[in-house]
Amino acid sequence: QYSPESVPGADGELDPTEVTFPGCSCRSRSCAAPECPCLSRGHSYSSLGLLLAEQQQPFSRPVFECNSLCCCGEGCQNRLVQRGLRLRLQVFRTPRKGWGVRALQPVPEGSFVCEYAGEVLGFAEAQRRIQAQSPQEPNYIIAVREHLHDGRVMETFVDPTRIGNVGRFLNHSCEPNLFMVPVRVDSMVPKLALFAAADIAAGEELTYDYSGRFRNFPGASREHKALEEENSLRKPCYCGSRTCASFLPWDSSLFSTP
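The structure presented is a predicted model; accordingly, all values stated were derived computationally and were not measured. (Residues numbered from 1 in each chain as written. Predicted model: local features only at pLDDT ≥ 70, side-chain atom pairs only at ≥ 80, totals over all residues. Heavy atoms only, no water.)

### Let's talk about the overall build of the protein chain
Of regular secondary structure, the protein chain possesses three helices and twelve strands. Counting across all 258 residues of the protein chain, residues that qualify as buried make up 45%. The contacts of the protein chain with a sequence gap of at least 6 include a subset with a gap of at least 24, amounting to 67%. For the protein chain, the accessible area works out to roughly 13,700 Å², and carbon and sulfur atoms hold 53% of it. (Helix = DSSP H or I, 4+ residues; strand = E, 2+ residues; numbered from the N terminus. Buried < 20%, exposed > 50% of the residue type's maximum accessible area, 1.4 Å probe, protein only. Contact = heavy atoms within 4.5 Å. Areas by Shrake-Rupley, 256 points an atom, 1.4 Å probe, with all protein chains shown as cover.)

So this is what it looks like as structure tokens:
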């Protein structure tokens, strides 16, 4: 079932559509920092979108967009991801990686491309679904962990297996042209937004690093060798990049039992 935005999961633990953030009282056509409380919480977009160079800091600042309770207009520059997909994309069959997604138009660096949308799940349901899968089945569940300045870790699990959007067809690459950023609009449940990490030509396949890194360094994924039994569950990587890690990123936490 196609859905342009994430929806509450079957476990009913989280509702990404719930509005819990207060709106700003800005009356200008487009909000500006530091006057806007939404923008004062974190990173603001440039005229191009979100540029990776601006994120090269010890800690990445969060992104909070203006929401449905804000007084600013729909044309506010701080409303980007919530507007949804604006580019012409195509799902196509790749030679070795199954389905993939490519752009049918040039995509400038920093542009918002699409959301990785699906059912937003709690940890228990995400783990149950992962453990119910056979090794041959494709796994679309993504686990995003945000490390806060006080040591806490916020986890978001999105499963587009049954309900999702075009983002579920994006392939992994060890040298990707997209990067993922959690963007919050109405509540602390983020939208998993993908932005162009470089200028992308029309016809080029769109990829991101499933591990959350933007680019692997040679040997980066081999620093901590997975256990042999874990390697048997890992899927090979066919990205073909110079720094390919040979396997898709692996997170054993959803497979382990307490």
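### Regarding the environment of cysteine 26
By secondary structure assignment, the location of cysteine 26 is in the loop between strand E1 (7-8) and helix H1 (37-40). Here the alpha-carbon distance between cysteine 26 and cysteine 38, two residues twelve residues apart in the chain, equals 9.9 Å. Contacts of cysteine 26, omitting those with residues within four sequence positions, involve Cys31, Cys36, Pro37, Cys71 and Cys72.

### Comments concerning the sheet that holds strand E8 (residues 153-159)
The strands that make up a sheet are held in pairs by hydrogen bonds between backbone atoms, and each pair lies either parallel or antiparallel. Strand order across the open sheet formed by four strands is E1-E6-E8-E7, with mixed pairing between neighbours. If you trace the sheet from one side to the other, it starts and ends with E1 and strand E7 (142-147), each paired once. Lying over the sheet, helix H2 (residues 123-132) contacts strand E6 (119-121) and E8, oriented at roughly 110 degrees with respect to E6. (Pairing = 2+ DSSP bridges. Axes fitted to C-alpha atoms, helices over the stretch in contact; angles between N-to-C directions.)

### As for the packing of aromatic side chains
The final tally for this structure, using the stated rule, is seven aromatic pairs. Between the aromatic rings of phenylalanine 21 and phenylalanine 64, the centroid separation amounts to 5.7 Å while the plane-to-plane angle is 55 degrees, which identifies the pairing as tilted. Linking phenylalanine 21 in the loop between E1 and H1 with phenylalanine 64 in strand E2 (residues 63-64), this pair joins segments that are 43 residues apart in sequence. Each member of the pair, phenylalanine 21 as well as phenylalanine 64, carries the same accessibility label: buried. (Phe/Tyr/Trp six-rings, centres within 6.5 Å; stacked < 30°, edge-to-face > 60°.)

### Points about the state of the cysteines
By the definition in use, this model includes zero disulfides. Here cysteine 24 stays free of any disulfide, with the sulfur of cysteine 70 as its closest cysteine sulfur at 3.6 Å. (Disulfide = S-S within 2.5 Å.)

### A short note on the sheet that holds strand E5 (residues 112-115)
The strand order across the open sheet built from four strands is E2-E10-E11-E5, with neighbouring strands paired in mixed fashion. Looking at which strands have only one partner, the edges of the open sheet turn out to be E2 and E5. Relative to strand E11 (residues 191-196), strand E10 (residues 178-184) runs antiparallel, the two being bridged by six bridges. Bridging from a neighbouring strand, valine 183 pairs with lysine 191 of E11.

### A short note on the side chain of serine 187
With respect to the element layout, serine 187 can be found in the loop between E10 and E11. Judged by its relative accessible area of 6%, serine 187 falls in the buried class. Within the structure, serine 187 has its side chain in polar contact with the backbone nitrogen of valine 189 (distance 3.2 Å). When sequence neighbours within four positions are dropped, the list of residues in contact with serine 187 reads Pro16, Glu18, Thr20 and Phe21. (Polar contact = N/O pair within 3.5 Å; in protein donor to acceptor, adjacent residues only side chain to side chain.)

### Some thoughts on the nonpolar core
By size, the foremost hydrophobic cluster in this structure holds 23 residues, and its most contacted members are Leu89, Val113, Tyr116, Leu170, Leu178 and Leu206. For this core, the elements supplying multiple residues, two or more each, are strand E4 (99-103), E5, E7 and E11. Broken down by element, the residue count for this core peaks at three residues, all from E11. Domain assignment of the residues forming this core places at least three in each of domain 1 (15-115 + 169-210) and domain 2 (118-164). (Core = buried A, V, L, I, M, F, W, Y, C linked by side-chain atoms within 4.5 Å. Domains from an automatic or database assignment.)

### What about the pairing of E8?
Relative to E8, E6 runs antiparallel, the two being bridged by three bridges. When the bridges of E8 are listed, valine 120 appears paired with valine 158. Connecting E7 to the next strand, E8, in antiparallel fashion are five residues, including glycine 151 with a positive phi near 95 degrees.

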